[in-house]
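A look at the structure
Each chain, written out:
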Amino acid sequence: MKQSITSAMVFLAMATTVLSQEAGTKKYAEIETKSLDELYTEAIEEGGTLILRAGGDKADQADYYLDLFKARFPKIEVIHSVDLSKYHAPRFDSALEKDAEEDVPDVIQLQTLHDYDHYTERGLLMAYKPKDWDKVYPDYKDPHGRWTGLFGVSFSNLINIDVIDGDNAPRDAMDYLNPELKGKIVFTYPHDDDAVLYQFWNLKQKYGWEYLEKLVATDPTWVRGTSMPYVAVNNGWYGASFTTSWAFVPFPNSPARFMLPKEDYFLTWFQTAAIPKKAKHKAAAKLYLNWMLSKDFQGKWLQWPIRMDVETPGGYKPVHHYNTSAADFHRFMLKRDMIERFRFQMEQLIGPIEGVSPLEMDYSTKPERG
């Protein structure tokens, strides 16, 4: 018995020593302290190239913020591609499977939030905390710095006030059943886009399947991609949609107005980014993430800032004051079995997806009702 106790004490002492050594040598990501100019210099010395894969469904969808980035850092060559996140993610997966490091981007910026959990669990993302990381809302970043939100996006009511009077614009779900709106509504196929599917899921949860049947029976125009509804409403081809997004502050001379619901829940997520461990241009990737979290960019973003210390444009309050939750959308995206079942239910209700990819769509032509 005495020998057993002694052996146990020796083992415990050895284990304690090992743990102490690991604690002393283990390095956790610390918040960046270098300035943007210092990071810019390092990115130039590295080669001056940034390869970005940005989630989106219209080729120019990243131009707004990338033009700002290029103007601030003109010596960085930005090579980017915009595509649906559900296609960017498997391309990244394939590059890793084939050990094709030349095909690994420096930054992945996806709307498919569940992919970040997948990549984090497999140790594929670099732990990095940009400057001012501590000012980012806690729910929208990985605590170890392996991914972080960059900017907020809400889908809700977009109205053309030349087509539908602003005082009579549909704001909540039941408003869209108004017979006077027939022929004036355009929606994205929910079974083609997880963000829109989430919107329809929440409508079903609150109003029941019968509401979805009534909504589909109003015969709205269905399109691929979430950019076409904005284009169609802004051009006056249609009067309203809730399956798209735009700036809180209206653009000059535009009749499009983004309006939040009066009572109903609406969709918000924070477009999220990460640096793959096999990225070739990590200095440029760090520069990009630091700039995206800077007040310089956050103060120019069109909807919700990711930082707690930056005001929302248009006099809006911070995101948590509204009937929306980006964290809930993230939880939804993790429920892949439920999503796939509901996706097929919506296809049965609405019909199969028709039309070319949103990236190949002619945005100068009015989408017609089927």
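A quick note: this is a predicted structure, and the numbers were derived from the prediction, not measured.

Concerning the overall build of the protein
Assigned secondary structure in the protein consists of 12 helices and 9 strands. Within the protein, buried positions represent 52% of all 370 residues. When contacts within the protein are restricted to residue pairs at least 6 apart in sequence, those whose partners lie at least 24 apart make up 79%. Here the protein has roughly 17800 Å² of accessible surface; of this, 52% comes from carbon and sulfur atoms.

A word on the packing of helix 6 (residues 194-207) against helix 7 (residues 209-217)
In contact at an axis separation of 6 Å, helix 6 and helix 7 are set at 125 degrees when each is read in the N-to-C sense. When the axis of helix 6 is compared with that of helix 7, the two are oblique. When helix 6 is examined against helix 7, the residues Phe200, Leu203, Lys204 and Tyr207 are found in contact with a partner set consisting of Trp209, Glu210, Tyr211, Leu212 and Leu215. Looking at side-chain class alone, the contact of helix 6 with helix 7 contains 7 nonpolar, no polar and 2 charged residues.

Topic: the pairing of strand 9 (residues 267-274)
Among the 8 residues that make up strand 9, 8 are buried, leaving the element largely enclosed by the rest of the structure. Pairing of strand 3 (residues 107-110) with strand 9, which is carried by 3 bridges, proceeds in the antiparallel orientation. If you follow Leu110 over to strand 9, its bridge partner there is Thr272. Relative to strand 9, strand 4 (residues 148-160) is paired through 7 bridges, and the arrangement is antiparallel. Paired with Gly149 across the strands is Thr272, a residue of strand 9.

Some remarks on the confidence of the model for the protein
In the predicted model, the protein carries a mean pLDDT of 92, and 92% of its residues have values of at least 70. Here residues 1-26 is a poorly scored stretch, pLDDT under 50, and it has 0 contacts once near neighbours within four places are set aside; other chains count.

Focus on the packing of aromatic side chains
With the rule as written, the count across this model stands at 38 aromatic pairs. With centroids separated by 5.6 Å and ring planes inclined at 70 degrees, the aromatic side chains of Phe69 and Trp291 adopt a geometry described as edge-to-face. Within this pair, whereas Phe69 is found in helix 3 (residues 63-72), its partner Trp291 is found in helix 9 (residues 282-293), the two being separated by 222 residues in sequence. This pair shows no difference in class: Phe69 is buried, exactly as Trp291 is. Through a chain of ring-to-ring contacts, three or more aromatic side chains come together here, namely Tyr40, Tyr64, Tyr65, Phe69, Phe73, Phe151, Tyr288, Trp291, Phe297 and Trp301. Here Lys58 stacks its cationic end above the ring of Tyr363, 4.9 Å away from the centre of that ring. Looking at Lys129, its charged tip hangs above the ring of Trp133, at a distance of 4.5 Å from the centre.

Examining unusual backbone geometry
Located in the positive-phi region is Asp132, a residue other than glycine, with phi close to 70 degrees. With respect to the secondary-structure elements, Asp132 resides in the loop between helix 5 (114-121) and strand 4. Even without glycine at this site, Asn253 takes up a positive phi of about 65 degrees. On the secondary structure map, Asn253 appears in the loop between strand 7 (240-244) and strand 8 (256-259). Relative accessible area serves as the criterion here: at 83%, Asn253 is assigned to the exposed category.

Digging into the side chain of Lys141
Relative to the assigned elements, Lys141 resides in the loop between helix 5 and strand 4. Only 2.7 Å separates the side chain of Lys141 from the backbone oxygen of Trp133, close enough to count as a polar contact. There is a polar contact of 3.2 Å between the side chain of Lys141 and the backbone oxygen of Val136. Beyond its immediate chain neighbours, meaning those up to four positions away, Lys141 contacts Trp133, Asp134, Val136, Trp147 and Thr148.

Re the packing of helix 6 against helix 11 (residues 326-334)
For the pair helix 6 and helix 11, interaxial distance at closest approach is 11 Å and the crossing angle is 105 degrees. Taken together, the axes of helix 6 and helix 11 lie roughly perpendicular to each other. In contact with Asp194, Ala195, Leu197, Tyr198 and Trp201 of helix 6, helix 11 contributes Asp328, Phe329, Phe332 and Met333.

Some points on helix 12 (residues 336-350)
An ideal rise of 1.5 Å per residue puts 21 Å on 15 residues; helix 12 measures up with 21 Å between its terminal C-alpha atoms. Those residues of helix 12 hidden inside the fold are in contact with helix 6, helix 7, strand 6 (221-223) and helix 11. Gly351 lies just past helix 12 and shows a positive phi near 115 degrees.

A few points about the side chain of Asn290
Note that Asn290 resides in helix 9. Assessed through its relative accessible area of 3%, Asn290 is described here as buried. Engagement of the side chain of Asn290 in a polar contact is seen with the backbone oxygen of Lys286, the distance being 2.6 Å. Apart from the residues lying within four places of it in its own chain, the contact partners of Asn290 are Glu32, Leu36, Leu39, Tyr128, Pro130 and Lys131.

Procedures and definitions
Residues numbered from 1 in each chain as written. Predicted model: local features only at pLDDT ≥ 70, side-chain atom pairs only at ≥ 80, totals over all residues. Heavy atoms only, no water. Helix = DSSP H or I, 4+ residues; strand = E, 2+ residues; numbered from the N terminus. Buried < 20%, exposed > 50% of the residue type's maximum accessible area, 1.4 Å probe, protein only. Contact = heavy atoms within 4.5 Å. Areas by Shrake-Rupley, 256 points an atom, 1.4 Å probe, with all protein chains shown as cover. Axes fitted to C-alpha atoms, helices over the stretch in contact; angles between N-to-C directions. Parallel < 35°, antiparallel > 145°, perpendicular 65-115°, else oblique. Nonpolar A, V, L, I, M, F, W, Y, C, P; charged D, E, K, R; others polar. Pairing = 2+ DSSP bridges. pLDDT = per-residue confidence, 0-100. Phe/Tyr/Trp six-rings, centres within 6.5 Å; stacked < 30°, edge-to-face > 60°. Lys NZ or Arg CZ within 6 Å of the ring centre and 35° of its normal. Polar contact = N/O pair within 3.5 Å; in protein donor to acceptor, adjacent residues only side chain to side chain. Expected span 1.5 Å × (residues − 1).

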